[in-house]
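Letter by letter, the chains look like this.
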Amino acid sequence: MTAHVPVLRSASAPHSTGGAAAAAAEPHQMLKLTVRLPGGDALTVDAIEGLRLVELLRAHELPVKAECGGAGVCATCHIRIPHHWQDQIPEASDEELARLDEIPGACDSSRLACQIEMNRDLDGLELEIAADSYAADKHTTIG
Ligand code: FES
């Protein structure tokens, strides 16, 4: 199974200037996500409300692992969220916490990218792809 993700505009692409009426007609509000890679580089990408973080990363061809296809059981989509964002993100479920306990090197900022859905409160969210979840093979698929 391969997850369907819409094509996202790049952060540098021109945006509509149609005003409030045009914004109201758009089905999704374009949000931003800042992603830090294991090597230390960071980039800001567009994000769409309603997509899970793992889907957004994959849509931007950022090779995060997702061996169970986003079912929340493999713990290979390990990311870290800075402490100053912890109050905005939804709390981890007991199942997610159990999976996080299985990851060597997980810490209190660790989360599973497939368990967090993007929303307006997360506009500007920062995250780091954990080194153990960064797929060297960019052809790894969801599912
Ligand atoms: S993709 Fe398997 S737990 Fe997130």
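Going by the structure above, here's the rest.
Residues numbered from 1 in each chain as written. Predicted model: local features only at pLDDT ≥ 70, side-chain atom pairs only at ≥ 80, totals over all residues.

When its secondary structure is counted, the chain shows three helices and five strands. Ordering the α and β elements of the chain from the N terminus gives α-β-β-α-β-α-β-β. Counting only residues that meet the buried cut, the chain has 27% of its 143 residues in that class. The long-range share in the chain, meaning contacts at least 24 apart out of those at least 6 apart in sequence, stands at 72%. (Helix = DSSP H or I, 4+ residues; strand = E, 2+ residues; numbered from the N terminus. Buried ≥ 20, exposed ≤ 12 C-beta atoms within 10 Å, placed from the backbone. Contact = placed C-beta atoms within 7 Å.)

Among the nonpolar cores identified, the biggest contains 25 residues, and Leu-53, Val-54, Cys-77, Ile-79 and Ala-113 are the most heavily contacted of them. Of all the elements in the fold, those that place two or more residues in this core are strand E1 (30-36), helix H2 (53-59) and strand E5 (125-129). Not counting the four nearest positions on each side in its chain, Leu-53 is found in contact with Ile-79, Ala-113, Ile-116, Met-118 and Leu-127. (Core = buried A, V, L, I, M, F, W, Y, C linked by C-beta atoms within 7 Å.)

Pairing is mixed across the open sheet formed by five strands, whose spatial order is E2-E1-E5-E3-E4. Here the strands that pair on one side only, and so sit at the sheet edges, are strand E2 (42-48) and strand E4 (110-112). Each adjacent strand pair in this sheet contributes to an overall mean axis angle of 40°, direction not counted. Across four bridges, E1 lies against E5 in parallel orientation. Counterpart to Val-35 in the pairing with E5 is Leu-127. (Pairing = 2+ DSSP bridges. Axes fitted to C-alpha atoms, helices over the stretch in contact; angles between N-to-C directions.)

Mapped onto the elements, Ala-92 comes out in the loop between strand E3 (78-80) and helix H3 (94-101). Once residues lying within four places of it in the same chain are set aside, the contact partners of Ala-92 are Leu-97, Leu-100, Arg-111 and Gln-115.

Along the polypeptide, Ile-48 turns up in strand E2. When the C-alpha positions of Ile-48 and Met-30 are compared, they lie 5.3 Å apart, and in sequence the two are 18 residues distant.

All right, on to the pairing of E2 then. The two faces of a sheet get side chains in turn, since along a regular strand they alternate between them. As judged from the seven bridges shared by E1 and E2, these two strands associate in the antiparallel manner. Within E2, the residue paired with Val-35 across the bridge is Leu-43. With antiparallel pairing between neighbouring strands as the criterion, E1 and E2 make up a hairpin whose turn holds five residues, including Gly-40 at a positive phi of roughly 110°.

Let us look at the pairing of E5. Of all five residues making up E5, four are buried, and the element is well covered by its neighbours. In this structure, E3 lies alongside E5, joined through two bridges in antiparallel fashion. Bridging from a neighbouring strand, Arg-80 pairs with Glu-128 of E5.

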